[in-house]
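One-letter residues, chain by chain:
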Amino acid sequence: MSTYRLEHLCAPRSIAIVGGSARPASVGGATLRNLLAGGFSGPIYIVNRKHSEIEGIKTFRDIRDIPEIPDLTIISTPPSAIQDIVKAAGARGFPAAMVLSAGLGVGTGSYTEAIAQAARKTGLRLIGPSLGVLVPRVKLNASFGSRLPQDGDLALISQSGAISTALVEWAANRNVGFSAIVSTSENLDVDFGDLLDYFALDSDTRAILLYVESISDVRKFMSAARAAARVKPVVVIKSGRHTQGARAAATHTGALAGSDAVYDAAFRRAGLLRVLDLDELFSAAETLVHLQSSHG
């Protein structure tokens, strides 16, 4: 089942940060500080060989030294180190991990391929490379975007970290809250299909917003989108409608954006509401919130 272990990603009770750093400007440092500032109340384990403690939290030299099995493992190390970390996490039975490191490459022989294969062998659910995951209800800001949005019932699944950040900023000024924001480039394991299945079943989510650059597993996406759209509104925006945008989408995800007409037909067949730009996506989000308050 595609929702296997996803609760550990979207509602973790304990977190390990491999590459958690004392340097505020680094991804690992920013993510650690955002976790603490957001008020996450569960145990946080930091793996860092250079410091004995960071932000008053004792560190471990190796992922194998962590005394318990954390729900979510956040990885922000150089790409060359990630495969071994994933293997070690999987061997210990860690359920879910999120890769924040960029520069993994795509295709045969890439870090992405090696990391995904290592995770698959042990059942470790893996998301990324991404901006991260934000779940206001459990005070989780496992991302390097500093603002945690207010609690609400909209879920955002986005292939662009920049779009996620823009939506959080926009929502902060309009009293719009989120049940979760998950940023994924869809390069590793967890993809749109998995997350649509998860949020379709999530009682804290009333509507789902999607920002799509490209879809790799079309059959899986269509099946999940159809099922989700039967039970709650699903609003989608597709990047790369014009040639220049399509080229940008291709470079971002490593997969071709494909014909816009094909996507348009697929979204319609699945019962998704397509909007054509960010203004319309924001308006749809605002409308959904007002509908909730008028019926609440």
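For the structure, check the block above.
Rules and cut-offs
- Residues numbered from 1 in each chain as written.
- Predicted model: local features only at pLDDT ≥ 70, side-chain atom pairs only at ≥ 80, totals over all residues.
- Heavy atoms only, no water.
- Axes fitted to C-alpha atoms, helices over the stretch in contact; angles between N-to-C directions.
- Helix = DSSP H or I, 4+ residues; strand = E, 2+ residues; numbered from the N terminus.
- Parallel < 35°, antiparallel > 145°, perpendicular 65-115°, else oblique.
- Contact = heavy atoms within 4.5 Å.
- Nonpolar A, V, L, I, M, F, W, Y, C, P; charged D, E, K, R; others polar.
- Phe/Tyr/Trp six-rings, centres within 6.5 Å; stacked < 30°, edge-to-face > 60°.
- Buried < 20%, exposed > 50% of the residue type's maximum accessible area, 1.4 Å probe, protein only.
- Lys NZ or Arg CZ within 6 Å of the ring centre and 35° of its normal.

The subject of this paragraph is the packing of helix 7 (residues 218-231) against helix 9 (residues 260-270). As a packed pair, helix 7 and helix 9 sit with axes 8 Å apart at the nearest point and diverge in direction by 40°. What the angle tells us is that helix 7 and helix 9 run oblique. Packed against helix 7, whose contacting residues are Phe-221, Met-222, Ala-225, Arg-226 and Ala-229, the element helix 9 presents Ala-266, Phe-267, Arg-269 and Ala-270 at the interface. Counted by class, the contact of helix 7 with helix 9 contains seven nonpolar, no polar and two charged residues.

Per the counting criterion, the structure on display carries six aromatic pairs. On the numbers, 6.1 Å between centres and 85° between planes, the contact of Phe-192 with Phe-221 is edge-to-face. One end of the pair, Phe-192, is in helix 6 (residues 192-201); the other, Phe-221, is in helix 7, with 29 residues separating them in the sequence. A relative accessible area of 1% places Phe-192 in the buried class. Looking at Phe-221, the relative accessible area reads 3%, which means it is buried. With a centroid separation of 5.2 Å and an interplanar angle of 85°, the aromatic rings of Tyr-198 and Phe-199 are classed as edge-to-face. Phe-199 gets classed as buried once you look at its relative accessible area, which sits at 1%. Three or more aromatic residues joined by ring pairs form one cluster here, namely Phe-192, Phe-221, Tyr-263 and Phe-267. Sitting over the ring of Tyr-263, Lys-238 keeps its end group 4.6 Å from the ring centre.

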